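Chain by chain, the residues run as shown.
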Amino acid sequence: MKIHEYQAKAILARYGVTTPRSEVAFTKEEARDGAQRLKSNVIVVKAQIHAGGRGKAGGVKLVHSPDEAAEVASRMLGMNLVTIQTGPGGRIVKRLLIEEGLDIKRELYLSLLVDRSVGRVVFMASGGLTGDVANNAAPFFQALHRAFVDTDASMLEINPCVLTGDGKLVALDAKMTFDDNGLFRHKELRGLRDLDEEDPLEVEASKYGLNYIKLDGSVGCMVNGAGLAMATMDIIKYAGGSPANFLDVGGGASADQVKNAFRILMSDTAVKAVFINIFGGILRCDVLATGVVAAAKDLQLKVPVVVRMEGTNVELGQQILRDSALNFTIAAGMKDGAQKVVALAGGAR
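The notes below deal with the structure included here.

With respect to the overall build of the chain
Scanning the chain from N- to C-terminus turns up 12 helices and 17 strands. The principal-axis extent of the C-alpha atoms belonging to the chain is close to 75 × 45 × 40 Å. In the chain, 70% of the contacts between residues at least 6 apart in sequence involve partners at least 24 apart. Of the roughly 16800 Å² of accessible surface on the chain, a fraction of 51% belongs to carbon and sulfur atoms. Here the chain carries 41 positive and 40 negative side-chain charges, and the mean point of each set is 2 Å from the other.

Have a look at this one:
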């Protein structure tokens, strides 16, 4: 789960990490009032979206008065901000961070990640600190580490982390993402989720415990297991096609979950054909087939579907598909399935 910069800074501040004084604004009036309270000669107005590259795209502006802050805010709120990370569709700006300007002496890159090879948190930095600055930096780094571990974070990025003219380290920006599997321990964090910043289909999938990520291709994918899902996307590319999504229904999906997964797949108008690639272990092939047939009938399926199944009750699953009289093509293997679905989606590109 991702959160906004201002939310990440609030978390870090509670752990003793130095951050600039700031206010959150949802209207131009709130931007003016926030800038007035900051009483700073330089004020930074920052668009709050889940993407980097805001400055170069016009989402970060320096102003010198509360009225100027309100003027910039009126232009920035509601704008469609397109950055190198948003994709061409951009993101609508609905909230702003109004922040004091700082006397910046030096900028550093700093991040914390989990190094799974050793099972520890690793710090990554663009350069070292020396002298008194290095001696005084320990509490700053310790506070970052506590915040990272205590919140079950998966990534914490400070870019930039700045050294001010008076020798202080300050988190001038902050990005945090959290391990979804740990959110049951953090009710206060779950409330920070901004659904407006997520793809509607991904939000819908999360309601049913499905792992779905929308992509730009035309071949919809439904797979059980993340590794098989990655291999499926690779073989679709190898066959000359392009996957429209990553969708892992999990090893123990029910017929109802499969039905909802199929409904979400078909909600993407870019999907021209669907490849269902299942290894039936915990998720039996007959359970999958039953869910797919039910979804296809409910949705009045209009696109071709290629199914490759192996494992538990594979013969029964295939028979359920044949008896449905719907537009299913049964593949002999992954390569055969990928070639068939790419052809049905319009051929190799």
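Focus: the pattern of salt bridges
One pass over the full model with this rule turns up 22 salt bridges. With a closest N to O distance of 3.1 Å, E100 and R21 form a salt bridge. On the criterion of sequence distance, the pair formed by E100 in strand β6 (residues 96–100) and R21 in the loop between α1 (5–14) and β1 (22–25) is long-range, its members being 79 residues apart. Taking relative accessible area as the criterion, E100 reaches 15% and is therefore assigned buried.

Observations regarding the nonpolar core
Among the nonpolar cores identified, the biggest contains 34 residues, and M222, F262, I276 and F328 are the most heavily contacted of them. Contributing elements (two or more residues each) for this core: α7 (200–206), α9 (255–266), β15 (273–280), α10 (285–298), β16 (305–311) and α11 (314–323). The element best represented in this core is α10, accounting for eight residues. Here F262 is in contact with M222, V274, I276, V292, A295, A296, L299, L301 and V305, once residues within four sequence places are set aside.

Concerning the packing of helix α8 (residues 226–238) against helix α12 (residues 334–344)
It is the contact of α8 with α12, at a shortest axis distance of 9 Å, that shows an interaxial angle of 55°. Judged on the interaxial angle alone, α12 and α8 are oblique. Crossing of α8 against α12: the hand is right-handed. Each of L228, A231, T232, I235 and I236 in α8 lies in contact with α12, whose residues at this interface are M334, K335, A338 and V342. Residue composition of the contact of α8 with α12, grouped by class: seven nonpolar, one polar and one charged.

Basis of the calculations
- Residues numbered from 1 in each chain as written.
- Predicted model: local features only at pLDDT ≥ 70, side-chain atom pairs only at ≥ 80, totals over all residues.
- Heavy atoms only, no water.
- Helix = DSSP H or I, 4+ residues; strand = E, 2+ residues; numbered from the N terminus.
- Contact = heavy atoms within 4.5 Å.
- Areas by Shrake-Rupley, 256 points an atom, 1.4 Å probe, with all protein chains shown as cover.
- Lys, Arg positive; Asp, Glu negative; His and termini not counted.
- Charge placed at Lys NZ, Arg CZ, Asp CG, Glu CD.
- Salt bridge = Lys/Arg side-chain N within 4 Å of Asp/Glu carboxyl O.
- Buried < 20%, exposed > 50% of the residue type's maximum accessible area, 1.4 Å probe, protein only.
- Core = buried A, V, L, I, M, F, W, Y, C linked by side-chain atoms within 4.5 Å.
- Axes fitted to C-alpha atoms, helices over the stretch in contact; angles between N-to-C directions.
- Parallel < 35°, antiparallel > 145°, perpendicular 65-115°, else oblique.
- Left-handed = near helix turned anticlockwise from the far one by under 90°.
- Nonpolar A, V, L, I, M, F, W, Y, C, P; charged D, E, K, R; others polar.

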